[in-house]
Amino acid sequence: MTDNFQSRVAVVTGAGRGLGEAVVDRLVEAGARVVVVDREGDDAAAVAGRYGSRAISVQADVSTEAGVEHYIAAGLEAFDRIDMHHLNVGIVGSPARLVDLSLDDFRHVMEVNVISTFLGIRAALRQFESQGGGGTVLATCSVSGTHGSHDIIPYQASKGAVLSLLRGSAMYGAPMGVRVNGIAPGLIATQQAFDGVVIDAIQENLLRRGGTVPLRRAGHPGEIADAAAFLLSDRSSYITGQLLYVDGGASQVWSVRGAGGAGAWDTTPVDDYVRGR
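Residues numbered from 1 in each chain as written. Predicted model: local features only at pLDDT ≥ 70, side-chain atom pairs only at ≥ 80, totals over all residues. Heavy atoms only, no water.

A. Here's a closer look at empty space enclosed by the protein. Counted under the stated rule, the structure contains 1 cavity of 30 Å³ or more. Put simply, the largest cavity is a space of about 40 Å³. Lining the largest cavity are Thr13, Val62, Tyr71, Leu87, Asn88, Val89, Ser116 and Thr117. The residue inventory of the lining of the largest cavity, partitioned by class, reads 4 nonpolar, 4 polar and no charged. (1 Å grid on protein atoms, 1.4 Å probe; cavity = no way out; pocket = protein on both sides within 12 Å on 5 of 7 lines; lining within 4 Å. Points joined across faces, edges and corners; volume = space filled by probe spheres on them. Nonpolar A, V, L, I, M, F, W, Y, C, P; charged D, E, K, R; others polar.)

Listed below in structure tokens is the structure:
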């Protein structure tokens, strides 16, 4: 069975660039009509503009009720129904040491990553119910939501919350035929990773970290888009409440074993960071 979204309408948030943009491309290629949502209206318009009447752009702050209501209304006005929601918006937030993190930094990440997911899932379920049931929801989670590191702690906390949200929502939606799943990208080479940083330095970093992944490389946005399309399609019709890792095997590494990745990193920079050196 191949993806066939000819009669379906999708909402993709955070779709102006990066992973969201790749998902839009993949869904439109498979026949879907797409509501391209992003806080940066110009980015959303640029993506939607490639597809004529098959896509519309919506500028919205998806961490607010008004923003979510706006993109739902725009999608219905343009396409009459919505069948798929890919809730992809997310920010990393401050990389400050835990003891230096401000409450505002933490709260901002939770609002963008968690509140937007709650509002998006709630809106999707309401719309699916009004259409008589059925539909799919996909949330972008992260390996960071199930594994720990010493930095980006607000991001880790938010992605753990998103995972819990999708599991509970899957149980709620299942009796009306709604499936809710998550996708956990690993190390992915997206344009956002390059913004404001010397490109050569970022590429070197990706190569170094990618070498510790079992597949020995970073992933590509198209690989995330293919996995997203699978979870949104009928090919995954008996899958709900699940998290699919798309990380080249990184989540399975056992770093205390020599054969599992031990010795791949010099721990001195981490120790110096934590101790404020």
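Still more to cover.
B. How the structure looks around the side chain of Ser251. Tracing the backbone shows Ser251 in the loop between β7 (243-246) and α8 (268-274). A distance of 3.2 Å separates polar atoms of two side chains, one belonging to Ser251 and the other to Gln252. (Helix = DSSP H or I, 4+ residues; strand = E, 2+ residues; numbered from the N terminus. Polar contact = N/O pair within 3.5 Å; in protein donor to acceptor, adjacent residues only side chain to side chain.)

C. Just the environment of Ala96, in detail. Along the chain, Ala96 falls in the loop between β4 (84-87) and α4 (103-130). Ignoring sequence-local partners within four residues, the contact set of Ala96 consists of Leu101 and Tyr273. (Contact = heavy atoms within 4.5 Å.)

D. Spatial organisation of the packing of helix α3 (residues 65-79) against α4. Where α3 contacts α4, the axes come no closer than 10 Å and their chain directions differ by 40°. Where α3 crosses over α4, the two elements pack in a sense that is right-handed. Every residue of α4 that contacts α3 at Glu65, Val68, Tyr71, Ile72 and Leu76 is listed here: Leu119, Gly120, Arg122, Ala123 and Gln127. The residue inventory of the contact of α3 with α4, partitioned by class, reads 6 nonpolar, 2 polar and 2 charged. (Axes fitted to C-alpha atoms, helices over the stretch in contact; angles between N-to-C directions. Left-handed = near helix turned anticlockwise from the far one by under 90°.)

E. The pairing of β4, seen in detail. Side chains of β4 alternate between two faces, with Met84 and His86 and His85 and Leu87 buried alike. Sheet topology note: the strand β1 (residues 9-13)/β4 ladder contains 3 bridges and is parallel. Bridge pairing in β4 places Ala10 opposite Met84. Taken together, the 4 bridges between β4 and strand β5 (residues 136-140) define a ladder with parallel strand orientation. Its bridge partner being in β5, Met84 is matched across the sheet by Thr136. (Buried < 20%, exposed > 50% of the residue type's maximum accessible area, 1.4 Å probe, protein only. Pairing = 2+ DSSP bridges.)

F. Examining the sheet that holds strand β2 (residues 33-38) more closely. Overall, parallel pairing links the 7 strands, which are arranged β3-β2-β1-β4-β5-β6-β7 in an open sheet. Strands with a single pairing partner mark the edges of an open sheet, and in this sheet they are β3 (55-59) and β7. For this sheet the average axis-to-axis angle between neighbouring strands, irrespective of direction, equals 15°. As paired strands, strand β6 (residues 179-185) and β7 are joined by 4 bridges and run parallel to one another. Bridge pairing links Ala184 to Tyr245 in β7.

G. How the structure looks around α4. Compared with an ideal rise of 1.5 Å per residue, which puts 28 residues at 40 Å, α4 spans 39 Å between its outermost C-alpha atoms and is within 8% of the ideal. Bending of α4 peaks at approximately 35° at the position of Glu111. The positive-phi residue at the C-terminal boundary of α4 is Gly132, with phi of around 95°. (Expected span 1.5 Å × (residues − 1). Bend = angle between axes of the 7 residues up to and from the residue.)

H. Quick look at the pairing of β6. Within β6, 7 of the 7 residues are buried, which leaves it mostly tucked inside the rest of the structure. Neither face of β6 is exposed, since Arg179, Asn181, Ile183 and Pro185 on one face and Val180, Gly182 and Ala184 on the opposite face are all buried. Strand direction decides the pairing type here: β5 and β6, joined by 5 bridges, are parallel. Across the sheet, the residue bridging to Thr136 is Arg179, located in β6. Between the parallel pair β5 and β6, the chain is carried across by helix α5 (residues 153-173), and the sense of this crossover is right-handed. (Right-handed = clockwise from strand over helix to strand, strands pointing away.)

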